[in-house]
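If you want the building blocks of each chain, they are given just below.
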Amino acid sequence: MSDSLERLYLAVLAARDLDPETSRTARLYQRGPSKMAKKLAEEAIEVAIDAVNGDSQAVIRESADLLYNLTVLWASAGVRPEDVWREMSRREDMLGIAEKLPKSPMKLPKVASPSISSRRPIVALEGRAARKRH
Ligand SMILES: N=c1c2ncn([C@@H]3O[C@H](COP(=O)(O)OP(=O)(O)OP(=O)(O)O)[C@@H](O)[C@H]3O)c2ncn1[C@@H]1O[C@H](COP(=O)(O)O)[C@@H](O)[C@H]1O
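As the structure is a computational prediction, the values presented were derived from the model and not from experiment.

About the thresholds
- Residues numbered from 1 in each chain as written.
- Predicted model: local features only at pLDDT ≥ 70, side-chain atom pairs only at ≥ 80, totals over all residues.
- Heavy atoms only, no water.
- Helix = DSSP H or I, 4+ residues; strand = E, 2+ residues; numbered from the N terminus.
- Buried < 20%, exposed > 50% of the residue type's maximum accessible area, 1.4 Å probe, protein only.
- Contact = heavy atoms within 4.5 Å.
- Salt bridge = Lys/Arg side-chain N within 4 Å of Asp/Glu carboxyl O.

A.B. asks: Quick one: what's the story with the overall build of the protein, residue by residue and with numbers?
C.D. replies: A tally of regular secondary structure across the protein gives five helices and zero strands. Overall, the protein shows an N-to-C arrangement of helices and strands of α-α-α-α-α. Within the protein, the fraction of its 134 residues that count as buried is 24%. When contacts within the protein are restricted to residue pairs at least 6 apart in sequence, long-range pairs at least 24 apart make up 57% of them.

Shown next, in the form of structure tokens:
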């Protein structure tokens, strides 16, 4: 799977400078990170709804769309697939499985807790006023 995500990532990088009239990826670049984030969030919600509805074929299709939009956001944020694989390996080495680190301080070695000011700021995604573009 990582091979096909890496190929998709390279295709996304190559499409950045194409004509936004003909390339969806170039259009997303032109509209910026907030539009990319909105598309990613929409696809994630679609996957979740399809799973709740028990539509596994739709989950598969929407998951592919979700991964495409994730690679676009990675590319925009300067994150490479190998950066993500490295983080997954680090978690696997630490926990034996590539899952999110536990929040409970009981399960982790003691580290300085982040101050409130270092938390991620809340940002607004692009509004839903505009209709979906194709
Ligand atoms: N692999 C993909 C890919 N996978 C999924 N998508 C998505 O394909 C969906 C389009 O299908 P739909 O029109 O059914 O989706 P939609 O949700 O109704 O429409 P949108 O509002 O998302 O536009 C969108 O959600 C895209 O985000 C992709 N779009 C592009 N690519 C690849 O990205 C590369 C660059 O392509 P261009 O962006 O066309 O230059 C090429 O290698 C393409 O194959």
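A.B. asks: Before we move on, can you summarise the pattern of salt bridges with the specific residues and values?
C.D. replies: Where charged atoms of side chains with opposite charge meet at close range, the side chains can pair. Applying the stated criterion across every chain, the model contains seven salt bridges. Of the charged contacts, one joins Glu42 and Lys38 as a salt bridge, the two residues approaching to 2.9 Å between their closest N and O atoms. Here Lys38 and Glu42 lie together in helix α3 (residues 33–52), a separation of four residues that amounts to about one turn. You can call Glu42 buried: its relative accessible area is 11%. Connected via shared salt-bridge partners are Arg80, Glu82, Asp83 and Arg86.

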